[in-house]
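# Architecture at a glance
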2 protein chains.
Amino acid sequence: MNNKLLVLGTMAYDAIETPFGKTGKILGGCATYIGLAASHFRTDCGLISIIGSDFESEYLDLLKSKKLDLEGVECIEGEKTFFWSGKYHNDLNTRTSLETQLNVLTKFKPKVPQKYKDASFVMLGNLDPSIQLDVLSQMTQKPELVIMDTMNFWIESYRDKLDELIGKVDVISINDEEARQLTEKHSLVEAAKVIQDMGPKYVIIKKGEHGALLFHENKIFCAPGLPLEEVFDPTGAGDSFIGGFIAYLSQRGKVSFEDMKTAVIIGSALASFTVQEFGTKALEKMSFKELSERIQTFKRLTEFEIELT
Amino acid sequence: MNNKLLVLGTMAYDAIETPFGKTGKILGGCATYIGLAASHFRTDCGLISIIGSDFESEYLDLLKSKKLDLEGVECIEGEKTFFWSGKYHNDLNTRTSLETQLNVLTKFKPKVPQKYKDASFVMLGNLDPSIQLDVLSQMTQKPELVIMDTMNFWIESYRDKLDELIGKVDVISINDEEARQLTEKHSLVEAAKVIQDMGPKYVIIKKGEHGALLFHENKIFCAPGLPLEEVFDPTGAGDSFIGGFIAYLSQRGKVSFEDMKTAVIIGSALASFTVQEFGTKALEKMSFKELSERIQTFKRLTEFEIELT
């Protein structure tokens, strides 16, 4: 097992509106969030993505300064970077996409750099399942752990390819509504069982402000959502979560259920930072000390003593 | 401190429809659920409620067999018991009231039996806040702990009396939507602060399948919702929760934040039984051994080890 972590995903410009304010074009994309989350751990992380020549060099410099390997990031001259804009409603649990410009994404033919073809950890961020499968097929050595994320769009319209991919991964990270949509089961316990039968030995169901559930065999672990006074911008929370999750496992070099429980808490702690500011800001500046303290807060949140007689 | 627990609330007939089936008139009412939950603990529990002469004697026998003191339950000859019927939607998180017949409830003038006027623990179940205040005013000795529940109807239409009551209790148990409605704050952390400023030192916010939060000073405890394969009928879950909560504290004779954390888990465990069958059935037949095992399940659900370096 090596500590190489290959991350496939988008690098993007986002424009976000929440009840608290509005941004111009800022740095976004799932590979960006996953990479920035992973950069807080001792892992050798390489990104595979695509950008246009409008992608600002300061953003590339930022990612490089975090020791992220960008060899797998293709830049297409004269084209524009993937752009998404969205508006969160008052409860911050629902959002409306205002605009999606695929731009360079339509030309994305991922190429895994030689160095990462034997990576022990592979994170397939939310993208067309054909692209996720393509990356997996380029690995020269079977990874220790392959994790995938997806979303409603692929579940609705790319079901065959998606099922093929789900059959090849070890862990799936999905939100509660998507799990229900994928399995047509309302109970998340039932949904997780159906997904486990499709292939993944581990199923993570994200419940937004209510935390996350990890399923493995007949075991369940429940990570609380940290009750926050203010959620500023939920964008990237799920990606920060899964980035922290896999980077921690890669640093630790272990992939048992017990290790994954801890990894789920670490991911939750990272996500709790991300939502406190617009975009990637909080994730960029968070210190390891702050992360450790936040994890202790998570521990205190659910600890109790019991002696029943 | 004594271990007397006075419970105010409705005793009722319910008719329930869920995606899994439909009942005729069955035993219901918040005092019933709270009392049955409390009966699993060593506490001297008396109910204050009102019923009509149509209330079946077998239900009274059931409650008596659980050592619940019914001296405070008034029966009005020739009148009918409070009746509620409701239908749960497919997700079981929302329901529609089909019919509400107040019947004897309109004549309810609660009378606290002499024996319970010095009860250390008082549970004011969901009812008109004037009735809740009336019971409180009949106590001859200040209780150690007064807990109240309420619902949207009283928040909307009886706000003055409700605020007066909230100012006099130690613990409020309320669901997330009601907490938001009461405080006009979306963040539950902010909502809890506003409610604490209104009087209660402890605020419990119930989140249905997502568990419950306990707030005290600047501390928060988060009880997970137990992921269940099948939720059969959510009726009475909140009442079973709070009944187990206060009965455990009464048995233990302590009311610290640490004790309340455990009490919240015990309440959650009881509620997790209640929802697995129609009405009060699961609560009636649950054994202490089953409860202990369920509490261990709750413990395992959130426990994790961490060593970050």
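Residues numbered from 1 in each chain as written. Chains lettered and ligands numbered in written order. Predicted model: local features only at pLDDT ≥ 70, side-chain atom pairs only at ≥ 80, totals over all residues.

### Some thoughts on the overall build of chain A
For chain A, the count of helices and strands is eleven helices and 14 strands. Computed over C-alpha atoms, the radius of gyration of chain A comes to 18 Å, within 12% of the 19 Å expected from 2.2 N^0.38 for 309 residues, which places it in the range of a compact globule. Reported as C-alpha extents along the three principal axes, the dimensions of chain A are approximately 75 × 45 × 40 Å. The proportion of buried residues among the 309 residues of chain A is 51%. (Helix = DSSP H or I, 4+ residues; strand = E, 2+ residues; numbered from the N terminus. Rg over C-alpha atoms; globule rule 2.2 N^0.38 Å. Buried ≥ 20, exposed ≤ 12 C-beta atoms within 10 Å, placed from the backbone.)

### Structural notes on the packing of helix H9 (residues 257-274) of chain B against helix H11 (residues 288-302) of chain B
Residue and element names in this part refer to chain B. Orientation of H9 relative to H11, taken along the N-to-C sense of each, is 115 degrees, at an axis distance of 9 Å. Between H9 and H11, the crossing angle belongs to the class labelled roughly perpendicular. Along this stretch, H9 crosses H11, giving a crossing that reads as right-handed. Along the contact surface, H9 presents Ile265, Ile266, Ser268, Ala269, Ser272 and Phe273, while H11 presents Leu291, Arg294, Ile295 and Phe298. (Axes fitted to C-alpha atoms, helices over the stretch in contact; angles between N-to-C directions. Parallel < 35°, antiparallel > 145°, perpendicular 65-115°, else oblique. Left-handed = near helix turned anticlockwise from the far one by under 90°. Contact = placed C-beta atoms within 7 Å.)

### Observations regarding the nonpolar core
Counting residues in hydrophobic clusters, the biggest one holds 202 residues, and the most contacted among them are Val7 and Met123 of chain A together with Val7 and Met123 of chain B. Apart from residues lying up to four places away in sequence, Val7 of chain A is in contact with Ala31, Ile34, Gly35, Ala38, Cys45, Leu47, Ile48, Met123 and Gly125 of chain A. (Core = buried A, V, L, I, M, F, W, Y, C linked by C-beta atoms within 7 Å.)

### What to know about the interface of chain A and chain B
On the side of chain B, 31 residues touch chain A, which itself brings 31 residues to the contact. Elements with a contribution of two residues or more to the side of chain A that touches chain B: helix H7 (188-198), strand E14 (219-223), helix H9 (257-274) and helix H11 (288-302) of chain A. The biggest single contributor to the side of chain A that touches chain B is H11 of chain A, with five residues. A breakdown of the residues in the side of chain A that touches chain B according to their chemical character gives 15 nonpolar, seven polar and nine charged. (Nonpolar A, V, L, I, M, F, W, Y, C, P; charged D, E, K, R; others polar.)

### Some thoughts on helix H8 (residues 237-252) of chain B
Residues and elements named next belong to chain B. For H8, which comprises 16 residues, the first-to-last C-alpha distance of 23 Å matches the rise-based estimate of 22 Å (1.5 Å per residue) to within 8%. Within H8, 15 of the 16 residues are buried, which leaves the element mostly enclosed by the surrounding structure. Positioned one or two residues after H8, Gly253 has a phi angle of 70 degrees, which is positive. (Expected span 1.5 Å × (residues − 1).)

### Considerations on the pairing of strand E9 (residues 121-124) of chain A
Residue and element names in this part refer to chain A. Burial of the side chains of E9 extends over both faces: Phe121 and Met123 are buried on one face and Val122 and Leu124 on the other. Pairing of E9 with strand E10 (residues 145-149) involves four bridges; the strand directions are parallel. Paired with Met123 across the two strands is Ile147, which belongs to E10. For the crossover from E9 across helix H3 (residues 129-137) to E10, the handedness is right-handed. (Pairing = 2+ DSSP bridges. Right-handed = clockwise from strand over helix to strand, strands pointing away.)

### Examining unusual backbone geometry
Within the chain, Glu217 of chain A stands out as a residue other than glycine whose phi angle is a positive 50 degrees. Tracing the sequence through the fold places Glu217 of chain A in the loop between strand E13 (212-216) and E14.

### Some remarks on the relation of the copies chain A and chain B
In this arrangement, two copies of a chain are superimposed by a rotation about an axis accompanied by a shift along the axis. Take chain A, turn it by 180 degrees, move it 0.0 Å along the axis, and it overlays chain B with an RMSD of 0.0 Å. Such values leave the two copies arranged in the relation of a two-fold axis. Looking at chain A, 100% of its interface residues are interface residues in chain B too, so the copies touch through the same face. (Least-squares fit on C-alpha atoms with pLDDT ≥ 70 in both.)

### A closer look at the packing of helix H3 (residues 129-137) of chain B against helix H5 (residues 159-166) of chain B
Residue and element names in this part refer to chain B. In contact at an axis separation of 8 Å, H3 and H5 are set at 35 degrees when each is read in the N-to-C sense. Regarding H3 and H5, the two cross each other, and that crossing is left-handed. Residues Pro129, Ser130, Gln132 and Leu133 of H3 lie in contact with H5, whose contacting residues are Lys161, Leu162, Glu164 and Leu165.

### Considering the environment of Gln296 of chain A
Mapped onto the secondary structure, Gln296 of chain A falls in helix H11. Sequence-wise, Gln296 of chain A and Met1 of chain A are 295 residues apart; in three dimensions their C-alpha atoms are separated by 29 Å.

### A closer look at the sheet that holds strand E11 (residues 171-175) of chain A
Residue and element names in this part refer to chain A. Spatially, E6-E5-E1-E9-E10-E11-E12-E13-E14 is the arrangement adopted by the nine strands of the open sheet, whose pairing is mixed. If you trace the sheet from one side to the other, it starts and ends with strand E6 (69-76) and E14, each paired once. Averaged over all pairs of adjacent strands, the angle between strand axes in this sheet comes to 15 degrees, irrespective of strand direction.

### Some thoughts on the sheet that holds strand E11 (residues 171-175) of chain B
All names here are of chain B. Taken in spatial order, the nine strands make up an open sheet running E6-E5-E1-E9-E10-E11-E12-E13-E14, and their pairing is mixed. Both outer strands of the open sheet, strand E6 (69-76) and strand E14 (219-223), are each paired with one neighbouring strand and no more. Between one strand axis and the next, the sheet turns through 15 degrees on average, direction left out of account. Where strand E1 (residues 4-8) lies against strand E9 (residues 121-124), four bridges are found, and the strand directions are parallel. Pairing of Leu8 across the sheet is with Leu124, part of E9.

### A closer look at H9 of chain B
The end-to-end C-alpha distance of H9 of chain B, which contains 18 residues, comes to 25 Å, matching closely the 26 Å that a straight helix rising 1.5 Å per residue would cover. Here H9 of chain B lies mainly inside the structure; 15 of its 18 residues are buried.

### Considering the pairing of E14 of chain B
All names here are of chain B. Most of E14 is tucked away, with four of its five residues classed as buried. One ladder, built from five bridges, connects strand E13 (residues 212-216) with E14; its direction is antiparallel. For Leu214, the partnering residue across the bridge sits in E14 and is Phe221. Hairpin connection of E13 to E14: two residues between the antiparallel strands, including Glu217 at a positive phi of 50 degrees.

### Examining the environment of Glu156 of chain B
Tracing the chain through its elements places Glu156 of chain B in helix H4 (residues 152-157). Sequence separation between Glu156 of chain B and Gln181 of chain B is 25 residues; the distance between their C-alpha atoms is 8.5 Å.

### Re the environment of Glu305 of chain A
Residue position: Glu305 of chain A is located in the segment after H11. In this structure Glu305 of chain A comes out as exposed when scored by C-beta crowding, with 10 C-beta atoms within 10 Å. Once residues within four sequence positions are removed from consideration, Glu305 of chain A is found in contact with Glu258 and Thr262 of chain B.

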